[in-house]
Amino acid sequence: MRVIAVSGAKGGVGKTAVAVNLAMLSARSGRRTLLWDLDPQAAATHCYRLKAKVKGGAGRMLGGKRDLQAFVRHTDYENLDLVPVDKTFRVVDTVLSARRWPDRAIRKLLRPVAGDYDVAILDCAPGLGVMAESVDAASDLVIAPIVPAPLAVRSLDQMSEFIDEHREGLPMVAVLSMVDRRKVLHRQMLQSVVDDERFVEAAIPLSSSVERMGLEQVPAVLASPRNLSAKAFAALWDDVCKRIDIPAGPGSD
């Protein structure tokens, strides 16, 4: 099972949109996919029409006494399951810190379900703390959505330093998100990252189809498959599959 974390030092960068849509693309290709919502805002859980409720809360899920399978829920889509989140995950760093080896918690929880899935995508809460360290320890790749602004690129530098400190060698890729090509700054940012090896070629445009996900509770790649954002998500997913050698699912062309 390949584990992909969608993470960032800051919120409001389109992180959940990336996680939700990549999970759908993975499932539609025939890969058995698990989407794990780790952001207490529960946006990924909401997008897949599930309740933001975890029996026993963060303490029970991450306390080390329960199998992750107990918290997995089926979605309306074939090949796609989801682990929901709730508001108790606001203090998740405190919960993890109480464990003997907090950095191993996510990896330990994923290990028993590794044979059930081909891909696990983790929609992480913003920030660089104990949870981020545990997620990095369990992941094969980190995707960092970045809005087109100079300060956002600075946060990417902070994230790179954090990963190097806690999991040296873990691949990380950045993707420009919420791009509005009508804005001069956004066009300048697109041009400025062309030679930055950390960035993938795909860029996710600002799109009403993405904004409507919260209302319609349907991933943009399904609701508007010909939209530019859907095409960008597909290009990003193709790039990810090549980077970490994700085998094609039986439903692939």
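Quick notes on the rules
Residues numbered from 1 in each chain as written. Predicted model: local features only at pLDDT ≥ 70, side-chain atom pairs only at ≥ 80, totals over all residues. Heavy atoms only, no water. Helix = DSSP H or I, 4+ residues; strand = E, 2+ residues; numbered from the N terminus. Rg over C-alpha atoms; globule rule 2.2 N^0.38 Å. Buried < 20%, exposed > 50% of the residue type's maximum accessible area, 1.4 Å probe, protein only. Contact = heavy atoms within 4.5 Å. Areas by Shrake-Rupley, 256 points an atom, 1.4 Å probe, with all protein chains shown as cover. Salt bridge = Lys/Arg side-chain N within 4 Å of Asp/Glu carboxyl O. Phe/Tyr/Trp six-rings, centres within 6.5 Å; stacked < 30°, edge-to-face > 60°. Pairing = 2+ DSSP bridges. Right-handed = clockwise from strand over helix to strand, strands pointing away.

Asker: What is the right way to look at the overall build of the protein in this model?
Answerer: A tally of helices and strands in the protein yields 12 helices and 8 strands. What you see for the protein is a C-alpha radius of gyration of 17 Å, in line with the 18 Å of a compact globule of 253 residues. By its C-alpha atoms, the protein is 50 × 40 × 35 Å across when sized along the principal axes. Taken over 253 residues, the protein has a buried fraction of 51%. Here the contacts in the protein between residues at least 6 apart in sequence split such that 80% fall between residues at least 24 apart. Here the protein displays about 12100 Å² of accessible surface, and carbon together with sulfur accounts for 49% of that area.

Asker: Any chance you could explain the pattern of salt bridges here in plain terms?
Answerer: Two side chains with opposite charge may pair up if their charged atoms get near one another. What the rule picks out here adds up to 8 salt bridges. When the shortest N-O distance is used, the salt bridge between D157 and R198 registers 2.8 Å. Linking D157 in helix 7 (residues 150-166) with R198 in the loop between helix 8 (184-192) and strand 8 (199-205), this pair joins segments that are 41 residues apart in sequence. The partly exposed category is assigned to D157, whose relative accessible area is 33%. For the salt bridge of R182 with D180, the shortest nitrogen-to-oxygen distance reads 2.9 Å. We classify R182 as exposed; its relative accessible area is 72%. Judged by relative accessible area, which is 9%, D180 ranks as buried.

Asker: Explain the packing of aromatic side chains to me, please; I cannot follow it from the model alone.
Answerer: Under the criterion given, the structure shown has 1 aromatic pair. Note on Y48 and Y77: the rings are 5.8 Å apart at their centroids and 80° apart in plane angle, and the pair reads as edge-to-face. Of this pair, Y48 sits in the loop between helix 2 (43-47) and helix 3 (57-62) while Y77 is found in the loop between strand 3 (73-74) and strand 4 (80-83), placing the two residues 29 residues apart along the sequence. For Y48, a relative accessible area of 2% puts it in the buried group. A relative accessible area of 24% places Y77 in the partly exposed class.

Asker: For this particular structure, what's the right way to read the pairing of strand 7 (residues 172-179)?
Answerer: A regular strand places its side chains so that they alternate between the two faces of the sheet. Counting buried positions over the 8 residues of strand 7 gives 7, a clear majority of the element. Looking at chain direction, strand 6 (residues 141-146) and strand 7 are connected through 5 bridges and run parallel. Along strand 7, the bridge assignment pairs P145 with V175. In the classification by handedness, the crossover that spans strand 6, the intervening helix 7 and the parallel strand 7 is right-handed. In this sheet, strand 8 lies alongside strand 7 in parallel orientation, the contact comprising 3 bridges. Opposite A174, over in strand 8, you have F199 as the bridge partner. The β-α-β motif built from strand 7, the intervening helix 8 and the parallel element strand 8 has right-handed crossover chirality.

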